[in-house]
Amino acid sequence: MRPDAWPLVGRAAAIEATSTALGEGPPQSLVIVGGAGVGRTRMAREALTWAERHGRATLWAAATAPAAHVPLGALAHLIPTLEEAADPLVLLKRATQAVVEAGPAPVLGVDDVHLLDRLSITLLHQLAATGEVSLVLTVRTGDGVPDPAAPLWKDGFATRVDLWPLGRAETEQLVSTVLDGDVETRPPSASGGWPGATRSTCGRSSRKGAGRAVSPPRRACGGGKGR
Ligand SMILES: Nc1ncnc2c1ncn2[C@@H]1O[C@H](COP(=O)(O)OP(=O)(O)O)[C@@H](O)[C@H]1O
Ligand SMILES: [Mg+2]
């Protein structure tokens, strides 16, 4: 998986949870929970990169609202070609088999599981129950969004990792690293420490230092509020 060019800042507890869940021993799963822009997708991708480095096969899917109109829509690329439309139970069986057989100790990352259709949620629960696959799931909190992964962490199939906005020192470190230290930041309390807000005000380019070329001016970097 291609790494993000922005350095990962903070998240020591999440990294620790990742190495515990995806390290030695029977496969375990992670559910990464937090508000929009806090860094759920980033942390999930870091977890899969970690797993790849440790010899595990990885698969990735991202849920979207349109894909939820089709059963297993966001996960369709994981299922081998079917000769004809299969019934949901056949789809579930084929998808489970495809993931389990994806390679050594497979890890399936699924972003934004609160957007998945019901059959996809069923598939994730069945995969967790096989004990042969690790799941790395992200869920957005807030707006009364139900957490379809809750049964996994409540029933002990997964470790729940809550992400909160970065602290002041971490936000300063992030802005300073990205802009080579040549920046006058607003107090990080202005951005609330949301990495997504920091990124949009510092520029979306992935190259270190590229934030210099964008507006708003550098002194505003770190401002704004997470979505
Ligand atoms: N701990 C972090 N260190 C550096 N950059 C981060 C961190 N967390 C998130 N980001 C960056 O902030 C942006 C928003 O993060 P993202 O993972 O997309 O948020 P979410 O999925 O929670 O909405 C992305 O560009 C991501 O790479
Ligand atoms: Mg995301």
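Please refer to the structure placed before this passage.
All figures in this text were calculated on a predicted structure; none of them were measured in a lab. (Residues numbered from 1 in each chain as written. Chains lettered and ligands numbered in written order. Predicted model: local features only at pLDDT ≥ 70, side-chain atom pairs only at ≥ 80, totals over all residues.)

Taking strand neighbours across the sheet as the criterion, the 5 strands line up as E2-E3-E4-E1-E5 in an open arrangement whose pairing is parallel. Each having just a single partner strand, strand E2 (58-62) and strand E5 (158-162) make up the two edges of the open sheet. Neighbour-to-neighbour, the strand axes of this sheet turn through a mean angle of 15 degrees, independent of strand direction. Across 5 bridges, the pairing between strand E1 (residues 29-34) and E5 is parallel. Its bridge partner lying in E5, Ile 32 is registered against Val 161. On the sheet, helix H2 (residues 40-53) packs against E1, E2, strand E3 (107-111) and strand E4 (134-140) and is oriented at approximately 170 degrees with respect to E4. Packing of helix H4 (residues 118-130) onto the sheet brings it into contact with E1, E3, E4 and E5, and relative to E4 it is tilted by some 145 degrees. (Pairing = 2+ DSSP bridges. Helix = DSSP H or I, 4+ residues; strand = E, 2+ residues; numbered from the N terminus. Axes fitted to C-alpha atoms, helices over the stretch in contact; angles between N-to-C directions. Contact = placed C-beta atoms within 7 Å.)

Bringing the site of ligand 1 into the picture now. In the vicinity of ligand 1, 18 residues are found, and the nearest of them are Gly 39, Thr 41, Arg 42, Pro 195 and Gly 196. Listing elements by their share of the shell around ligand 1, those giving two or more residues are H2 and helix H7 (195-202). Looking at side-chain class alone, the shell around ligand 1 contains 7 nonpolar, 6 polar and 5 charged residues. Of the residues that make up the shell around ligand 1, three or more belong to each of domain 1 (12-162) and domain 2 (168-220). (Near = placed C-beta within 6 Å. Nonpolar A, V, L, I, M, F, W, Y, C, P; charged D, E, K, R; others polar. Domains from an automatic or database assignment.)

This brings us to H4. Along its 13 residues, H4 runs 19 Å from first to last C-alpha, staying within 8% of the 18 Å computed at 1.5 Å per residue. Turning to H4, the residues buried within the fold contact E1, helix H3 (88-100), E3, E4, helix H5 (150-154) and E5. Gly 131 lies just past H4 and shows a positive phi near 75 degrees. (Expected span 1.5 Å × (residues − 1).)

For the rest of this paragraph, the subject is the packing of helix H6 (residues 168-178) against H7. The N-to-C vectors of H6 and H7 enclose an angle of 30 degrees; their axes lie 11 Å apart at closest approach. The orientation of H6 relative to H7 falls into the category roughly parallel. The chirality of how H6 crosses H7 is right-handed. Contacts from Thr 171, Leu 174, Val 175 and Val 178 of H6 reach H7 at Pro 195, Thr 198 and Cys 202. Residue composition of the contact of H6 with H7, by class: 5 nonpolar, 2 polar and no charged. (Parallel < 35°, antiparallel > 145°, perpendicular 65-115°, else oblique. Left-handed = near helix turned anticlockwise from the far one by under 90°.)

Right, let's talk about the packing of H3 against H4 for a bit. Where H3 contacts H4, the two axes come as close as 10 Å, and the packing angle between them is 45 degrees. One finds that H3 runs oblique with respect to H4. Here H3 runs over H4; the crossing is right-handed. Between H3 and H4, the contacting residues are Pro 88, Leu 91, Leu 92, Ala 95, Thr 96, Val 99 and Val 100 on the first element and Leu 119, Thr 122, Leu 123, Gln 126, Leu 127 and Thr 130 on the second. When the residues that make up the contact of H3 with H4 are grouped by side-chain class, the tally is 9 nonpolar, 4 polar and no charged.

Bringing the environment of Lys 93 into the picture now. Examined against the element boundaries, Lys 93 turns out to sit in helix H3. Its 13 C-beta neighbours within 10 Å are what place Lys 93 among the partly exposed residues. In this structure, the C-alpha to C-alpha distance between Lys 93 and Leu 123, residues 30 residues apart in sequence, is 8.6 Å. (Buried ≥ 20, exposed ≤ 12 C-beta atoms within 10 Å, placed from the backbone.)

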